[in-house]
Amino acid sequence: MAADSAKILKITKIEAQKHPGRYNVYVNDRYAFPVGEDVMVRYRLLKGTELTPALIATLKTADAQSKAWSMALNYLSYQQRTEKELRDYLVNKEVTPEIIAPVMTRLLDQRLLDDAQYAHSYVRTMKRTSDKGPTVIKRQLKQKAVAENLIEDALNDDYSVSEQLDRLSELVEKQKKHYQRLMPSIQRQKVQQRLIEKGFSFDLVSTAMAETDFELPQSQAEDLLSKQAEKAWRKYRAKDPYERSLKVRQALYRKALLVTPLIGGSISTEFN
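What counts as what
Residues numbered from 1 in each chain as written. Predicted model: local features only at pLDDT ≥ 70, side-chain atom pairs only at ≥ 80, totals over all residues. Heavy atoms only, no water. Phe/Tyr/Trp six-rings, centres within 6.5 Å; stacked < 30°, edge-to-face > 60°. Buried < 20%, exposed > 50% of the residue type's maximum accessible area, 1.4 Å probe, protein only. Helix = DSSP H or I, 4+ residues; strand = E, 2+ residues; numbered from the N terminus. Lys NZ or Arg CZ within 6 Å of the ring centre and 35° of its normal. Axes fitted to C-alpha atoms, helices over the stretch in contact; angles between N-to-C directions. Parallel < 35°, antiparallel > 145°, perpendicular 65-115°, else oblique. Left-handed = near helix turned anticlockwise from the far one by under 90°. Contact = heavy atoms within 4.5 Å. Nonpolar A, V, L, I, M, F, W, Y, C, P; charged D, E, K, R; others polar. Expected span 1.5 Å × (residues − 1). Arc of directions from axis to C-beta. Core = buried A, V, L, I, M, F, W, Y, C linked by side-chain atoms within 4.5 Å. Patch = residues over 30% accessible without salt bridge, like charges linked within 9 Å, V, L, I, M, F, W, Y side chains within 5 Å. Areas by Shrake-Rupley, 256 points an atom, 1.4 Å probe, with all protein chains shown as cover. Salt bridge = Lys/Arg side-chain N within 4 Å of Asp/Glu carboxyl O. Lys, Arg positive; Asp, Glu negative; His and termini not counted. Charge placed at Lys NZ, Arg CZ, Asp CG, Glu CD. Pairing = 2+ DSSP bridges.

**Examining the packing of aromatic side chains**
Scanning the model with the defined rule gives three aromatic pairs in all. Between the aromatic rings of Tyr-26 and Tyr-31, the centroid separation amounts to 5.8 Å while the plane-to-plane angle is 75°, which identifies the pairing as edge-to-face. Overall, the relative accessible area of 17% leaves Tyr-26 in the buried class. Judged by its relative accessible area of 46%, Tyr-31 falls in the partly exposed class. On the basis of an interplanar angle of 5° and a centroid distance of 3.9 Å, the ring pair of Tyr-75 and Tyr-89 is categorised as stacked. Remark: Tyr-89 occurs in helix α4 (residues 83–92) and Tyr-75 occurs in helix α3 (residues 53–76); sequence separation between them is 14 residues. Note on Tyr-75: relative accessible area 16%, which makes it buried. The positively charged end of Lys-13 is found above the aromatic ring belonging to Tyr-26, 4.4 Å away from the centroid. Across from the ring centre of Tyr-75, 3.8 Å away, lies the NZ or CZ of Arg-81, which sits over that ring.

Shown next as structure tokens:
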């Protein structure tokens, strides 16, 4: 009889921790495990409650899940997160996969995690607050491990072609200012390249730029031509006159500063 009573596991004390809502549980007058208030209420843990090793293991798992759940809710309270972001956060907090899995399931069931909703929100925010086009937005969402079909749905619904063209019309004018000291053909090339890099398609960029004039005042064009010709002339000064003149013209052609060989001839004469 005495041997049987010695095997009984009974809660002999429940002591509040310094952290609100956390308690230390003593079994048979020895510290056994910590527990949160929600777990304590759920399992009706009171002084005198008898436990089994299996129940103690269950309580420890439930408490670990409860702590992970609280961490997840706190992380989500600041802004929306993707499934990958939330999972990575818990891993970084050293939560084990066995605890993460049910927490993730619960979050998904309660729609506290929703990658589809996240994708729509992300596209709308980027459209409103940035100059990035669909290609860049799609790449950023992929890095967050959002499924491609969810990304495509969000882009189709929330960033229409007409909206992209409206945004591009603003960006074309803005980008022109950065390159206004360059020759028109170079301006056009630079603006087109920058807009494609920002994530807009070649076709839409071309459409947006079709009605845009790129020009440079005559006096500014002549000044730019003169400076570039001087630079090229110095670079090839060791060449014989004919080759030097040819090299200068070729350098200016590459920069789209010459449109006819006749201009090259005048440069050749000017810098002899």
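Read on, since the account is not over.
**What to know about the packing of helix α9 (residues 161–178) against helix α11 (residues 202–209)**
Where α9 contacts α11, the two axes come as close as 9 Å, and the packing angle between them is 55°. Judged by the inter-axis angle, α9 sits oblique to α11. Helix-helix and strand crossings are classified by hand; for α9 and α11 the assignment is right-handed. Of the residues in α11, those touching α9 at Val-161, Gln-164, Leu-165, Leu-168 and Val-172 are Leu-204, Val-205, Thr-207, Ala-208 and Met-209. The class makeup of the residues in the contact of α9 with α11 is eight nonpolar, two polar and no charged.

**Details of helix α10 (residues 184–197)**
For α10, which comprises 14 residues, the first-to-last C-alpha distance of 20 Å matches the rise-based estimate of 20 Å (1.5 Å per residue) to within 8%. Along α10, the residues that are buried comprise Ile-186, Gln-187, Val-191 and Leu-195. For α10, the angular spread of the buried residues around the axis is 155°, confining them to a single face. Close packing links the buried residues of α10 with α9 and α11. Phi turns positive, to about 110°, at Gly-199, one or two residues after α10.

**Examining the side chain of Asp-158**
For Asp-158, the location among the structural elements is in helix α8 (residues 148–158). What makes Asp-158 buried here is its relative accessible area of 11%. Other than its neighbours up to four places away in sequence, Asp-158 contacts His-120, Val-123, Arg-124, Lys-127 and Glu-163.

**A short note on the nonpolar core**
If you look at the biggest cluster of nonpolar residues, it comprises 24 residues, and the most contacted ones within it are Val-123, Ile-137, Leu-141, Leu-168 and Leu-195. Where this core is concerned, the elements lending two or more residues are α6 (115–129), α7 (134–143), α8, α9, α10 and α11. Top contributing element to this core by residue count: α6, with five residues. Apart from the residues lying within four places of it in its own chain, the contact partners of Leu-168 are Leu-195, Phe-200, Leu-204, Val-205 and Ala-208. Of all hydrophobic cores here, the second largest spans 15 residues; its members include Ala-68, Tyr-75, Tyr-89 and Val-103.

**Some words on a positive patch on the surface**
There is a patch of like positive charges on the surface, built from Lys-231, Arg-234, Lys-235 and Arg-237. Structurally, Arg-234 is set in helix α12 (residues 218–235).

**What to know about the sheet that holds strand β3 (residues 30–36)**
If you trace the four strands from one edge of the open sheet to the other, you get β3-β2-β1-β4, paired in antiparallel fashion. Every interior strand has two partners, whereas the edge strands, β3 and β4 (50–51), have only one. In the packing of α3 onto the sheet, the strands contacted are β1 (9–16), β2 (22–27), β3 and β4, and the crossing angle to β3 comes to about 40°.

**What about the packing of α3 against α4?**
Closest axis-to-axis distance for the α3/α4 pair is 10 Å, and the angle between their directions is 130°. The orientation of α3 relative to α4 falls into the category oblique. In this structure, α3 meets α4 at a crossing whose hand is right-handed. Contacts between α3 and α4 pair Ala-68, Met-71, Ala-72, Tyr-75 and Leu-76 from the former with Glu-85, Leu-86, Tyr-89 and Leu-90 from the latter. Partitioning the contact of α3 with α4 into residue classes produces eight nonpolar, no polar and one charged.

Don't take any of this as a statement about function, it's just geometry.
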